[in-house]
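Architecture at a glance
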Amino acid sequence: MRDTLRNAMLAAVMTAVVVTPIFGLRLERAGIETVLEPHWSRVLWACALVFAVQLLRPWIARLFGRSGHAGRERQASGWRLPELSPVQRQGLIVLLIALAMVWPFMAGRNAVDIATLAAIYIMLGLGLNIVVGFAGLLDLGFVGFYAVGAYTYAMLFHWAGWGFWQALPVAGAAAALFGFVLGFPVLRLRGDYLAIVTLGFGEIIRLLLINLTDWTGGPDGISSIPKPTVFGLEMARDASVEGATTFHQWLGLEFQTVHMVIFLYLMALSLALITLWISNRLIRMPIGRAWEALREDEIACRSLGLNPMRIKLSAFTLGAMFAGFGGAFFAARQGIVSPESFTFIESALILAIVVLGGMGSQLGVIIAAVLITVLPELAREFAEYRMLMFGLVMILMMVWRPQGLLPMKRHHVEVPA
Amino acid sequence: MSTTPNTQVKSTPHSPVIPHGTMLEVQDLTMRFGGLLAVDGVSLTLRAGEIFAIIGPNGAGKTTVFNCVSGFYKPSSGRIELQGENITGLSSHAVAGHGVVRTFQNVRLFKGMTALENLLVAQHRQINRSWLAGLFKTPAYRRAEEQGIERALFWLDYMGLRGMANREAGKLPYGYQRLLEIARCMITRPRVLMLDEPAAGLNPQEKVELQGLIERLRTEQGVSVLLIEHDMSLVMGVSERILVMEHGKPIATGTPEAIRSDERVIKAYLGEE
């Protein structure tokens, strides 16, 4: 009891220290001067709240039946998805995909737009999941490859007049090439050191984009990038080339801008699904097992004749390739690319998706990507506190569910007894 | 000795081809870490189908010899030959690719993966690795995967671990982890199996079983065994010849009987009067 009281006191004092500069002291402008205006009541309220919660914590914990050590162990294993038979599973997947395909025709334009963004992040998250989740290589510069993909399309359009579909494979290949070339020297490093170098790489790409003004347009970027065509049919009010048919003419529909939004959503969805399918196959293949083995123990891998360099490079290159595809699509969707879109915070966001979802867990990554893109949109009025909430969620996750929302499940093989 | 996975799946475990002559030859091996001479002029010859032990007090340089042979260290000087082929200074995965695989003093399993997956990873060099075949599950790919699983199950049976196939390796009892690590080596179809203190942490019963296992691996699988061990009854019982090391130097080589009565060896172990 005395311990609890002391803890509660300490927590209240800490709260006061943390909260005072944020809520307690306010800069107000009075004429030409700024004055510091204290609001002590808010600080007191916050302290009182924390004190009360800390005081009642043991009691609350007992109420939920997870007191002491046993409770903590149970938490560590956590809740899991119910087991499904393969048929049920496939049925559910088909149903979900069908729902996702039909949904945009009924939903509002804004919702579809946000869903497109979510699909891009799913794709990026799944790509990074290969590098961080499967192979265990901490990559903080993932956005660099995303930028390479986006700028490849933008520059191919700007300098050579390429369309989206021609540029898409090239964008993927270019990002993969960057991944490969960077991977060679860098993958000798491990853990934190690798993270630092990749972080630097992401920044170098961004600085190059800003400074190679002649090629990339510098800080202004490249604009008026065309949207993807539907198998060669343009989606516009009037064809850009004289005499060509546009999508709505071909189908005999009235021209509506919402068609474009839905089309982009469906494309993003299919890209995300393809990424999901590929990464889902990969992890069950020898190469996927090798990635995991490498994450678990590199020395043991070497002792069994697995070439760690080659395995790491394949993960790094593949992850980069998916980022490249995502980048090209991003460029097409926005119609403009500029270095601002590829700051470190993007890398952090994608990494947060992977960590939040549960490293290596594809379903977890998808859910986390949706949460991270949709929640900020729903809570627009709290936009200023976005980063604050983000940090809070991360801390709470670390305390209660360090293995992520849906931790990776091991694939079991039927063993005849 | 190049093996094709398709033809040898079933035959390997039952009809071992025991090669003749010298399997592994280490000549005048020296390993220097700065000013420290960890291994100084060690030579040994492992005959085909032989069980050869390296013993010596702690810090004698036994594991360093292992690390040099298995490619984890590049020796400062000396020469290592595998059936006449020079493998000195090759990287560790290349050495393993030549058929020299090892276990570790403190078991190194892929802890988060299942026992079966551990054995599948070890077959990485043998299973079809074409990406497209894997993505589209071609018949050849499926067959290769099934054979891989079959081989893994064979080795789980061999070690008496079948019931553990889907258990996480890191959560197996310690004795089973040791066995799984040996199975993981054997599934690569090695020519030389190097065991670094395989009996450490085992109870007396398990040690007896381990001795039987090592002998069976040699006779049934035709593998040559290089062994580091502190447990004298195991070493004396299982090995044909023994190398004794002290302070990085070889002090005696010979049969267990000769070693047991060698004065330098007794001095090294018991100290001088």
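A word on the sheet that holds strand β3 (residues 51-55) of chain B
All names here are of chain B.
- Taken together, the six strands give an open sheet; going across it, the order is β6-β7-β8-β3-β9-β10, and neighbouring strands pair in mixed fashion. Two strands close off the open sheet at either side, each with one partner strand: β6 (100-102) and β10 (249-254). Adjacent strand axes in the sheet meet at a mean angle of 20 degrees, parallel and antiparallel pairs treated alike.
- Pairing analysis gives five bridges linking strand β9 (residues 241-246) to β10, with the strands arranged antiparallel. Each residue of the ladder has a partner; that of Val-244, found in β10, is Ala-252.
- Where helix α9 (residues 204-221) meets the sheet, its contacts fall on β3, β7 (192-196) and β8 (224-228), and the angle it forms with β8 comes to roughly 155 degrees.
- Against the sheet, helix α12 (residues 263-270) touches β9 and β10, its axis set at about 130 degrees to β10.

Describing helix α6 (residues 142-160) of chain A
- Over its 19 residues, α6 of chain A extends 27 Å from the first C-alpha to the last, a length consistent with the 27 Å expected when each residue adds 1.5 Å.
- Extensive coverage of α6 of chain A is indicated by the burial of 16 of its 19 residues.

Topic: the domain arrangement of chain A
- Domain annotation for chain A reports domain 1 (2-63) and domain 2 (104-400).
- Computed from C-alpha coordinates alone, the two centres of domain 1 of chain A and domain 2 of chain A are separated by 40 Å.

Section: the interface of chain B and chain A
- Taken together, the contact pairs 32 residues of chain B with 23 residues of chain A.
- Of all the elements in the fold, those that place two or more residues in the side of chain B that touches chain A are α4 (92-97), β6, α5 (115-122), α6 (131-135) and α7 (139-158) of chain B.
- For the side of chain B that touches chain A, the element with the highest residue contribution is α5 of chain B, accounting for five residues.
- Among the residues forming the side of chain B that touches chain A, the class breakdown is 14 nonpolar, 10 polar and eight charged.

Details of the nonpolar core
- In this structure, Tyr-153 of chain A together with Ala-183 of chain B are the most contacted members of the largest nonpolar core, which totals 174 residues.
- At 15 residues, the largest contribution of residues to this core is made by helix α5 (residues 109-134) of chain A.
- What Tyr-153 of chain A contacts, discounting residues up to four positions off in sequence, is Phe-164, Ala-167, Ala-171, Ile-225, Ala-328, Ala-331 and Ala-332 of chain A.

Side note on the packing of helix α1 (residues 2-24) of chain A against helix α2 (residues 40-63) of chain A
Residue and element names in this part refer to chain A.
- Across the interface, α1 lies against α2 with an axial gap of 8 Å and an inter-helix angle of 150 degrees. In this view, α1 runs roughly antiparallel relative to α2, as classed from their interaxial angle. For the crossing formed where α1 meets α2, the hand is right-handed. Listed contacts from α2 to Thr-4, Asn-7, Ala-8, Ala-11, Ala-12, Thr-15, Ala-16, Val-19, Thr-20, Phe-23 and Gly-24 of α1 are Trp-40, Arg-42, Val-43, Ala-46, Cys-47, Val-50, Phe-51, Gln-54, Leu-55 and Pro-58.

A closer look at the confidence of the model for chain A
Residue and element names in this part refer to chain A.
- When the pLDDT values of chain A are averaged, the result is 87; 95% of them are 70 or greater.
- Least confident of the elements in chain A is helix α3 (residues 68-77), whose mean pLDDT is 45; most confident is α6, at 96.
- Throughout residues 67-77 the model reports pLDDT below 50, and contacts reaching past four residues in sequence, or to other chains, amount to six contacts.

Focus: the pairing of strand β1 (residues 25-30) of chain A
Residues and elements named next belong to chain A.
- Buried residues are scarce in β1, accounting for zero of its six residues.
- Relative to strand β2 (residues 33-38), β1 is paired through six bridges, and the arrangement is antiparallel. Paired with Arg-26 across the bridge in β2 is Glu-37.
- Connecting the antiparallel pair β1 and β2 is a turn made up of two residues, with Gly-31 showing a positive phi of about 65 degrees.

Side note on the domain arrangement of chain B
- Domain boundaries in chain B define domain 1 (19-99 + 190-212 + 224-273) and domain 2 (114-189).
- A separation of 28 Å is found between the C-alpha centroids of domain 1 of chain B and domain 2 of chain B.

Overview of the environment of Pro-286 of chain A
Residue and element names in this part refer to chain A.
- Relative to the helices and strands, Pro-286 resides in helix α12 (residues 286-296).
- The exposure class assigned to Pro-286 is buried, which follows from the 25 C-beta atoms found within 10 Å.
- Here the alpha-carbon distance between Pro-286 and Phe-344, two residues 58 residues apart in the chain, equals 33 Å.

The rules we used
- Residues take numbers from 1 onward in each chain, read along the sequence in its written order.
- Lettering for chains starts from A, numbering for ligands starts from 1, and both go in the order in which the items are written.
- At least 70 in pLDDT is required for a residue's local features to be given in this predicted model, at least 80 for side-chain atom pairs to be given and counted, and no such filter applies to totals for whole chains, interfaces and linings, which use all residues.
- Strand pairing is assigned whenever DSSP identifies at least 2 bridges connecting the two strands.
- Under the DSSP-based scheme used, a helix requires at least four consecutive residues in state H or I and a strand at least two consecutive residues in state E, with every element numbered from the N terminus.
- Axis definition: a line fitted to C-alpha atoms, over the contacting stretch in the case of helices. Angles run 0 to 180 degrees between N-to-C directions.
- Working definition of a contact: two residues with C-beta atoms, positioned from the backbone, lying within 7 Å.
- Multiplying 1.5 Å by the residue count of a helix minus one yields the expected span of that helix.
- Whether a residue is buried, exposed or partly exposed is read from the other C-beta atoms within 10 Å of its own C-beta, which are placed from the backbone; 20 or more gives buried, 12 or fewer gives exposed, and intermediate counts give partly exposed.
- Residue ranges assigned to each domain were obtained from an automatic or database domain assignment.
- Polar here means any residue outside two lists: the nonpolar Ala, Val, Leu, Ile, Met, Phe, Trp, Tyr, Cys and Pro, and the charged Asp, Glu, Lys and Arg; Gly therefore counts as polar.
- Working definition: the nonpolar core is a set of buried Ala, Val, Leu, Ile, Met, Phe, Trp, Tyr and Cys residues, joined through C-beta atoms within 7 Å.
- Each angle gets one of four labels, with under 35 degrees taken as roughly parallel, over 145 as roughly antiparallel, 65 to 115 as roughly perpendicular, and the rest as oblique.
- By the definition used in this description, the sense in which the near helix is turned from the far one sets the handedness, with an anticlockwise turn below a right angle giving left-handed and a clockwise turn giving right-handed.
- Per-residue confidence from the predictor is reported as pLDDT, a score between 0 and 100.

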